[in-house]
Amino acid sequence: KSGILPSCCLTRGSHDFINIICQDLHISPSEAQLVLKKTGIVKCNLGDKVRGVIKPILDFYCREILSSVAMYNDIYSDTKSAICSIVLSGAVASSPGFADYFANKTGLSTQVVNPWRNISIYPLKPMPKHLNPAYADAIGLAMTSDHLEI
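To keep things clear, this report deals only with the structure shown in the data block. (Residues numbered from 1 in each chain as written. Predicted model: local features only at pLDDT ≥ 70, side-chain atom pairs only at ≥ 80, totals over all residues. Heavy atoms only, no water.)

Regarding a nonpolar patch on the surface
Then, number 1: On the surface, Met-71, Ile-75 and Tyr-76 cluster together to form a nonpolar patch covering roughly 320 Å² of accessible area.
Then, number 2: Here Tyr-76 is to be found in the loop between helix H3 (45-75) and strand E1 (85-88).
Then, number 3: According to the relative accessible area criterion, Tyr-76 is partly exposed, its value standing at 40%. (Patch = residues over 30% accessible without salt bridge, like charges linked within 9 Å, V, L, I, M, F, W, Y side chains within 5 Å. Areas by Shrake-Rupley, 256 points an atom, 1.4 Å probe, with all protein chains shown as cover. Salt bridge = Lys/Arg side-chain N within 4 Å of Asp/Glu carboxyl O. Helix = DSSP H or I, 4+ residues; strand = E, 2+ residues; numbered from the N terminus. Buried < 20%, exposed > 50% of the residue type's maximum accessible area, 1.4 Å probe, protein only.)

What follows is the structure, encoded as structure tokens:
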């Protein structure tokens, strides 16, 4: 569809996840990053522990998303363009289990952004898939940089 798309940016990020995992599981920040990248919050012993630790932050995100969706859908209730999906971006967006968690908690179709989708980086090597969401802001800014005066 064309037109203006609503956007909600939550300022809490991967640092919150890393810090709370470090504190609760008594591991280093680099180990916490590795756990998020490799295990995430999928159903397994370590994933269950991580999910339990970061659940308050995940649920905060879900509440904020649902609040933003409800506000948008209320304001634009006279149109037929209700929000029915969300897109995750950022350093931990591609962590195993995150998209499923948000989809289950919000009831909205959820996908992880691939900011490289319509960008040719030839002759460079493709970016590893798990790093894609971390580049969403940078690519967005780069695409609009000719409109900015810096």
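Back to the write-up after that little detour.
Re the nonpolar core
The tendency in soluble globular proteins is for nonpolar side chains to be buried side by side.
Then, number 1: In terms of nonpolar packing, the biggest core is built from 26 residues, with Phe-17, Leu-36, Ile-54, Leu-58, Phe-98 and Phe-102 touching the most fellow members.
Then, number 2: Counting only elements with at least two residues in this core, the list comes to helix H1 (14-25), helix H2 (29-38), H3, E1 and helix H4 (98-106).
Then, number 3: Looking at this core element by element, the count peaks at 9 residues for H3.
Then, number 4: Ignoring anything within four residues of it in the chain, the contact list for Phe-17 reads Leu-36, Ile-54, Ile-57, Leu-58, Tyr-61, Val-92 and Phe-98. (Core = buried A, V, L, I, M, F, W, Y, C linked by side-chain atoms within 4.5 Å. Contact = heavy atoms within 4.5 Å.)

Comments concerning the packing of aromatic side chains
Then, number 1: Counting across every chain of the model gives 5 aromatic pairs.
Then, number 2: For the ring pair Phe-17 and Tyr-61, a centre distance of 6.1 Å and an interplane angle of 35 degrees mean the geometry is tilted. Taken as a pair, Phe-17 in helix H1 and Tyr-61 in helix H3 lie far apart in primary sequence, 44 residues in all.
Then, number 3: Relative accessible area serves as the criterion here: at 9%, Tyr-61 is assigned to the buried category.
Then, number 4: Put simply, the rings of Phe-17, Phe-60, Tyr-61, Phe-98, Tyr-101 and Phe-102 touch in pairs and so form one group of aromatic residues. (Phe/Tyr/Trp six-rings, centres within 6.5 Å; stacked < 30°, edge-to-face > 60°.)

Section: the packing of H3 against H4
Then, number 1: One can describe the packing of H3 onto H4 by two numbers: an axis separation of 10 Å at closest approach and a directional angle of 55 degrees. Regarding the angle of H3 to H4, the classification is oblique. The way H3 lies across H4 gives a crossing that is right-handed. Taking contact as the criterion, the partners of Arg-51, Ile-54, Lys-55, Leu-58, Asp-59, Tyr-61, Cys-62, Ile-65 and Leu-66 in H3 are, on H4, Phe-98, Tyr-101, Phe-102, Lys-105 and Thr-106.
Then, number 2: Split into classes, the residues belonging to the contact of H3 with H4 amount to 9 nonpolar, 1 polar and 4 charged. (Axes fitted to C-alpha atoms, helices over the stretch in contact; angles between N-to-C directions. Parallel < 35°, antiparallel > 145°, perpendicular 65-115°, else oblique. Left-handed = near helix turned anticlockwise from the far one by under 90°. Nonpolar A, V, L, I, M, F, W, Y, C, P; charged D, E, K, R; others polar.)

Brief notes about the pattern of salt bridges
Then, number 1: A complete count under the given rule lists 3 salt bridges for this structure.
Then, number 2: In this structure, the salt-bridge partner of Asp-48 is Arg-51, at a minimum N-O distance of 2.8 Å. Residue Asp-48 and its partner Arg-51 are both found in helix H3; the two are separated by 3 residues, about one turn of the helix.
Then, number 3: Salt-bridge contacts for Lys-55 lead to Asp-59; the nearest nitrogen and oxygen are separated by 2.5 Å. Within this pair, Lys-55 and its partner Asp-59 are both found in helix H3, separated by 4 residues, close to a single helical turn.
Then, number 4: For Lys-55, a relative accessible area of 34% puts it in the partly exposed group.
Then, number 5: Take Asp-59: its relative accessible area is 13%, and that puts it in the buried class.
Then, number 6: Several salt bridges share partner residues, and in doing so they unite Lys-55, Asp-59 and Lys-105 into one network.

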